[in-house]
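So you can see what is in the structure, the chains are spelled out below.
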Amino acid sequence: MRQWFGWTRRGIVKYIAQPHWREWKRIILHHTFKPSLADWARNPNGGYWMNVIDRYHRLKGWKGIGYHFVIMPDGLIFIGRGLNEVGAHTVGQNDEAIGVCLLGNFDEEIVEEAQWISMKYLLAFLLHRFGLQTAHIFFHRQFADKTCPGKRFILGDIRLVVAKTLPDAIQRYEEILKEGET
């Protein structure tokens, strides 16, 4: 089993800010469906669940986890595929889209507060880093006959929340990068 490490928003900014040669055109939001938040409650170990997702994706014939980022209910963000790698999360979109996944079944469950905060900041950081707008955030269900990232998610609401988060996220992003310069 691979060792996975969860990152705080500070660590993720340092990762995102690194040089990446791929030009991303959109971000697609997903949920795992399984594992669910109920599964997480029985075993709140992000590394364990990353291995479960990775194993499932390998069984589908992929080279490993298909998402670029997975956000756990405790708010830790795990890096799946590198940002220079093509994802395996949305047929026909993987070459141009960053895949962000939330652990949980949001057809039935309600996203955890720490997970929600990490999601809105991660999306804002990615938009800022890659020069995208909130209109470049999409749901998996827009490209597939699925409910992903869950019936409880409304795209306009997500875009609005991220737009409201952007000014603070950009300020934090720049402050984190300046910390490394001193």
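Residues numbered from 1 in each chain as written. Predicted model: local features only at pLDDT ≥ 70, side-chain atom pairs only at ≥ 80, totals over all residues. Heavy atoms only, no water.

*Asks:* Sorry if this is basic, but what is going on with the environment of Ile71 here?
*Replies:* Examined against the element boundaries, Ile71 turns out to sit in strand β3 (residues 69–71). In this structure the C-alpha to C-alpha distance between Ile71 and Gln115, which are 44 residues apart in sequence, comes to 6.3 Å. (Helix = DSSP H or I, 4+ residues; strand = E, 2+ residues; numbered from the N terminus.)

*Asks:* Just to check I follow, could you spell out the state of the cysteines for this structure?
*Replies:* Such a bond, covalent and formed between the sulfur atoms of two cysteines, is termed a disulfide. Scanning all chains against the criterion turns up zero disulfides. The thiol of Cys148 is unpaired, and the distance to the nearest cysteine sulfur, on Cys101, comes to 6.6 Å. (Disulfide = S-S within 2.5 Å.)

*Asks:* Help me understand the nonpolar core in this model?
*Replies:* Within soluble globular proteins, side chains that are nonpolar tend to cluster in buried spots. Ile16, Phe69 and Val100 are the most contacted members of the largest nonpolar core, which has 38 residues in total. It is helix α4 (residues 113–130) that contributes the most residues to this core, nine residues altogether. Excluding residues that lie within four positions of it along the chain, Ile16 makes contacts with Phe69, Leu83, Leu122, Phe125, Leu126, Arg129, Phe130 and Tyr173. Counting 13 residues, the second largest nonpolar core, distinct from the first, contains Trp40, Met50, Ile65 and Phe78. (Core = buried A, V, L, I, M, F, W, Y, C linked by side-chain atoms within 4.5 Å. Buried < 20%, exposed > 50% of the residue type's maximum accessible area, 1.4 Å probe, protein only. Contact = heavy atoms within 4.5 Å.)

*Asks:* Would you mind going over α4 with me for this structure?
*Replies:* Owing to its 3.6 residues per turn, the α-helix brings residues three or four apart onto one side. Look at α4: 26 Å from first C-alpha to last across 18 residues, which is about the 26 Å you get at 1.5 Å a residue. Residues of α4 that are buried: Gln115, Ser118, Met119, Lys120, Tyr121, Leu122, Leu123, Ala124, Phe125, Leu126, Leu127 and Phe130. At the C-terminal side of α4, Gly131 shows a positive phi close to 65 degrees. (Expected span 1.5 Å × (residues − 1).)

*Asks:* Can you walk me through the layout of surface pockets in this structure?
*Replies:* One simple way to see leftover space: roll a probe sized like a water molecule over the atoms. Of the volumes computed, that of the largest pocket is approximately 500 Å³. In terms of lining, the largest pocket is formed by 24 residues, of which the most central are Tyr56, Lys60, Tyr67, His140 and Lys146. For the lining of the largest pocket, the secondary-structure elements that each account for two or more residues are β2 (26–31) and α3 (46–59). The element that contributes the greatest number of residues to the lining of the largest pocket is α3, accounting for four residues. Here the residues of the lining of the largest pocket are counted per class, giving 12 nonpolar, nine polar and three charged. (1 Å grid on protein atoms, 1.4 Å probe; cavity = no way out; pocket = protein on both sides within 12 Å on 5 of 7 lines; lining within 4 Å. Points joined across faces, edges and corners; volume = space filled by probe spheres on them. Nonpolar A, V, L, I, M, F, W, Y, C, P; charged D, E, K, R; others polar.)

Fair warning: the whole summary comes from geometry, so function is off the table for now.
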